[in-house]
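The primary structure of each chain is shown beneath.
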Amino acid sequence: MTLHTPKITGASGRPLIRQLDEAAVNRIAAGEVVERPASAVKELVENALDAGAARIQVDIADGGKTLIRVTDDGCGMTAEDLPLALSRHATSKIDGSDLLDIRSFGFRGEALPSLGAVGRLTITSRAEGEAAQIACEGSRLSPVRPAALTKGTVVELRDLFFATPARLKFLRSDRAEMQAVTEVIRRLAMAEPQVGFTLRDVTGGEARTLFRADPASGDLFDALQSRLASVIGRDFTDNALRIDAERDGLRLQGYAALPTYSRGSSAQQYLFVNGRPVLDRMLYGALRAAYFDVLSRDRHPAAVLNLIADPQRVDVNVHPAKAEVRFREPDAARSLIITALKSALSGAGHRASSTVGAATLQAFRPVYQMDRPSQPSLARAYAFQAPGFAEMPQAPFAPPPEAGSQTVDGQAQAHPLGAARAQLHENYIVAQTATGIVLVDQHAAHERLVYERLKRQMAETGIRAQALLIPEIVELSPADAARLLDAAPALARIGLALEPFGGNAIAIRETPAILGPVNGEALLRDILDELAEAGDSTLVQVKIDAILSRMACHGSVRSGRQMRPEEMNALLREMEATPLSGQCNHGRPTYVELSLHDIERLFGRR
C-alpha cells in the first residue's frame, strides 16, 4: 500500500515494530471471528452444543445489534472457569497436542474474548454448587460474583461493536441481520436434530417466536427426516431420497431431492462435515456434478448431506469462521458424493416429485364457482335423481369388452404407470392406474429412454477417440499447464488425450470422436475454468452427453405421431424399468400423476 500511515512511523521516518496491547489484539481477532450478529450467534450456539445442551434458546433484539442472549441447559462452568473462559486461546475442547483430531465445533478459544472486546458481554453459568456471573466490556473484566441460575449457561451480549463503532456502519438493516441469524439457527438445527432450538425476537420488550424446532426422537434418519420437515418443509421430505453410503473410510448420510424437485437457486443445499455446517466449493461442486445429467444448468438440486470422516483426515483449521475444510483425500470425498447420489437417483426409477401433481391440480381452476351444497343436500339430490335416471332407457357407450381383455387390462392397471386409455393431441398419453390417472409426455419420456439406452451402449463400448493428424499445441501459464496435466489421466478416459510439449505448452493428441471438429484451445480453457472453480472438470463428459441427448431427441417418438394402444403400453412399461425416466434430459417431468381422491375434490365429490 502507498497510503501515508503517520501512526506507525518513527522519528527516523521508517516504520517501527510495536507490540499491540491486549484490547487491540482482541478487537483484531473479533474482526475475523465476528463479522456480524449472525457470526456471534453461531459461535455462542456452537459453544452450547459443545457443552452437551439438549435445548437452546436464542433471544435477539434489533437484528442482534443491541442484544443477543443464548440460554442452554448444558454442563455449565464453575466460578473458577469463568475468567479463564474470557482469556484468549483458553478452551476445554482440545489440549493443544493435536490440531488434526478436532471433534467439537469450537477449538480456538477466541470467540468469548473477541465478543467481550467489541461488545458488553455477561456470562452466567452453573456447573455444580452455586451459579456465578462475570462481565466483560471492551476487554475489561469485572470480578466474578454469585448469581441465580438452576442449570446450564446464559450468555448475554449487548451493544455489539460499541467499542468499534465504525463496524456498525457496515451492518445491514435489522431485518437482513435477523434473516442471517435465522439461517444460522436453521443450519445448526439440521446438524443436531436431537437438540431443541428456539429463536425469539425480543425487540421492544415483546417476545415473538421466529423459529422453533423441538428435539426429534427415533434413530438418526427418523430424527433427521422429522427435523427437515419442520425446517425445510414437508414437500422436501416427501420428495427426497435417503442417502447412506460408505467407501474408503468415508460415510455420506442425509437426504437428496428428486431432480423434478429442483430449485431456481442453491438455497436448499445444506452440506455438513462431521456435523459442522460448511460452505465448501469442492463439496458443492460434487453435488452439482451428481445431478448434471438430470438437470439443466439453470436449475439446482436440493439436498441435506453430512459427510462423516475420521477427524485426522479433515483439517477444519483453514478458515477463520471454520466455514471451509480441507480433506486429506479430496478425490475420495468427491467420488463418494457423486456415486452415492447417482446410485440413489438411479434406484428411484421413474419416480417424479409429488409437487408436480400438486402444481397440476392448481392449474385446474373452474370457469366459475358456485356455492357448494352441503353433504346432506347432495345426498337428498342423489336419492331423488337416482330412480328416475335408472328407469330411463340408456344407450350403450361402447361394446362390452371381451373377458380376456378385461384380465389383461386389469393387470396393466396394477403397474405403477397403469394402462394407456387415450392419446391427446398426438403427444400426451392418458393412463389409468389403480388409484388415479397418469398423463405422460410421450416425446419427453421416449427421449429419456433413448438417451439412457445410448449411454449404456457407450459405457459398454467405451468412448472412441479420434487422433488428430496434426496435434494442436496450446500455450498456457505454468500453473494452468500443471493443472491440466494432473487431470490428464481422467480426461484420457473420456477420449481427450493431452501431452506436455515442452515449456508450458500442451499438445492435444486425441479428441472424443463423437464431438467432431473442436476448438482445442477454447476447450482446454473452459476445462481450466472448471478445474479452478470445482477442483474437477466434467466439461468434456457434459459435451458428450449433450450430443447423446440431441441424438436421443431426434431418435425418439415425435410430437404429433399417433400411437397404437400396444405402443403406448410398451412405452409405459419401459419407463417403469428405466432409471431416471421420471424426468426428461433437462430435468422436466415426463409424467404427471393425479390421485382419484384429488380428482374427486376437483369435482366437489369430497
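Throughout this description, residue numbers start from 1 for each chain and increase along the sequence as written. Only residues with pLDDT of 70 or above have their local features reported here, since the model is predicted, and side-chain atom pairs are shown and tallied only from 80 upward, although totals for entire chains, interfaces and linings are computed over all residues. Neither water nor hydrogens contribute to the side-chain values; these are computed over all heavy atoms in the structure.

Draft legend 1. Examining the confidence of the model for the protein more closely. Confidence scores here are pLDDT values: one per residue, from the predictor, ranging 0 to 100. Residue-level pLDDT values for the protein average 83, and 82% of them are 70 or greater. In this analysis, two residues are considered to be in contact whenever any of their non-hydrogen atoms come within 4.5 Å of each other. In the model, residues 388-399 has pLDDT below 50 throughout and makes 1 contact with residues more than four positions away in sequence or in other chains.

Draft legend 2. Structural context of the nonpolar core. Residues belong to one nonpolar core when they are buried, are Ala, Val, Leu, Ile, Met, Phe, Trp, Tyr or Cys, and are joined through side-chain atoms within 4.5 Å. Note on exposure labels: buried denotes an accessible area under 20% of the residue type's maximum, exposed denotes more than 50%, and partly exposed covers the range between, all computed with a 1.4 Å probe on protein chains only. Grouped together as the largest cluster of nonpolar side chains are 59 residues, with contacts concentrated most on V45, I56, V58, L121, F197 and F236. Filtering out sequence-adjacent residues up to four positions away, I56 remains in contact with V45, A48, L49, V70, T71, D72, V195, G196, F197 and T198. By size, the runner-up hydrophobic cluster in this structure holds 40 residues, among which are V278, L307, V316 and L345.

Draft legend 3. A look at the sheet that holds strand β22 (residues 505-512). With antiparallel pairing, the 3 strands of this open sheet are ordered in space as β20-β22-β21. Whereas interior strands pair on both sides, the edge strands pair on one side only; in this sheet they are β20 (465-475) and β21 (497-500). Here the strands of the sheet are splayed against their neighbours by 20° on average, with no regard to which way each runs. Both β21 and β22 contribute to a ladder of 4 bridges, which runs antiparallel. Strands qualify as paired when DSSP identifies two bridges or more between them. Secondary structure elements are defined from DSSP: runs of H or I of at least 4 residues count as helices, runs of E of at least 2 residues count as strands, and each element is numbered from the N terminus. To obtain an axis, a line is fitted to C-alpha atoms, over the contacting stretch when the element is a helix, and the angle between two such axes runs from 0 to 180 degrees between their N-to-C directions.

Draft legend 4. The packing of helix α9 (residues 281-291) against helix α10 (residues 330-347), seen in detail. For the pair α9 and α10, the least separation of the axes is 9 Å and the interaxial angle reads 30°. Judged on the interaxial angle alone, α10 and α9 are roughly parallel. In the crossing of α9 with α10, the sense of the turn from one axis to the other is right-handed. When α9 is examined against α10, the residues M282, L283, G285, A286, L287, A289, A290 and Y291 are found in contact with a partner set consisting of P330, A333, R334, I337, I338, L341, K342 and L345. Should an angle fall under 35 degrees it is called roughly parallel, over 145 degrees roughly antiparallel, and 65 to 115 degrees roughly perpendicular, with every other angle called oblique. Left-handed is the label given to a crossing in which the near helix is rotated counterclockwise from the far helix by less than a right angle, and right-handed is the label when the rotation is clockwise.

Draft legend 5. The arrangement of the pairing of strand β19 (residues 436-441) in detail. Two strands pair when backbone bridges link them, and strand β18 (residues 428-432) and β19 are joined in this way by 5 bridges, in the antiparallel orientation. By the bridge assignment for β19, A431 is matched with V438. Count of turn residues in the β18/β19 antiparallel hairpin: 3 residues. By the bridge criterion, 5 bridges tie β19 to strand β23 (residues 591-595) in an arrangement that is antiparallel. Across the sheet, I437 pairs through a bridge with L594, a residue of β23.

Draft legend 6. Local environment of the packing of aromatic side chains. Here is the rule: rings of Phe, Tyr and Trp (six-membered ring for Trp) pair when centre to centre is within 6.5 Å. Planes less than 30 degrees apart are stacked, more than 60 are edge-to-face, and the remainder are tilted. One pass over the full model with this rule turns up 2 aromatic pairs. A ring pair is formed by F221 and Y255, whose centres lie 6.0 Å apart and whose planes are at 80°; its orientation type is edge-to-face. Of this pair, F221 sits in helix α7 (residues 220-231) while Y255 is found in strand β11 (residues 250-257), placing the two residues 34 residues apart along the sequence. When sorted by exposure, F221 lands in the same class as Y255, which is buried. In this structure, R263 is placed above the aromatic ring of Y261, and the distance from its NZ or CZ to the ring centre is 4.0 Å. In this scheme, the term charge over a ring applies when either NZ of a lysine or CZ of an arginine sits within 6 Å of the ring centre and within 35 degrees of the ring normal.

Draft legend 7. Local environment of the environment of A465. For A465, the position within the fold is in strand β20. Assessed through its relative accessible area of 31%, A465 is described here as partly exposed. C-alpha separation for the pair A465 and R493, spaced 28 residues apart in sequence, amounts to 9.4 Å. Ignoring sequence-local partners within four residues, the contact set of A465 consists of G495, E510, T511 and A513.

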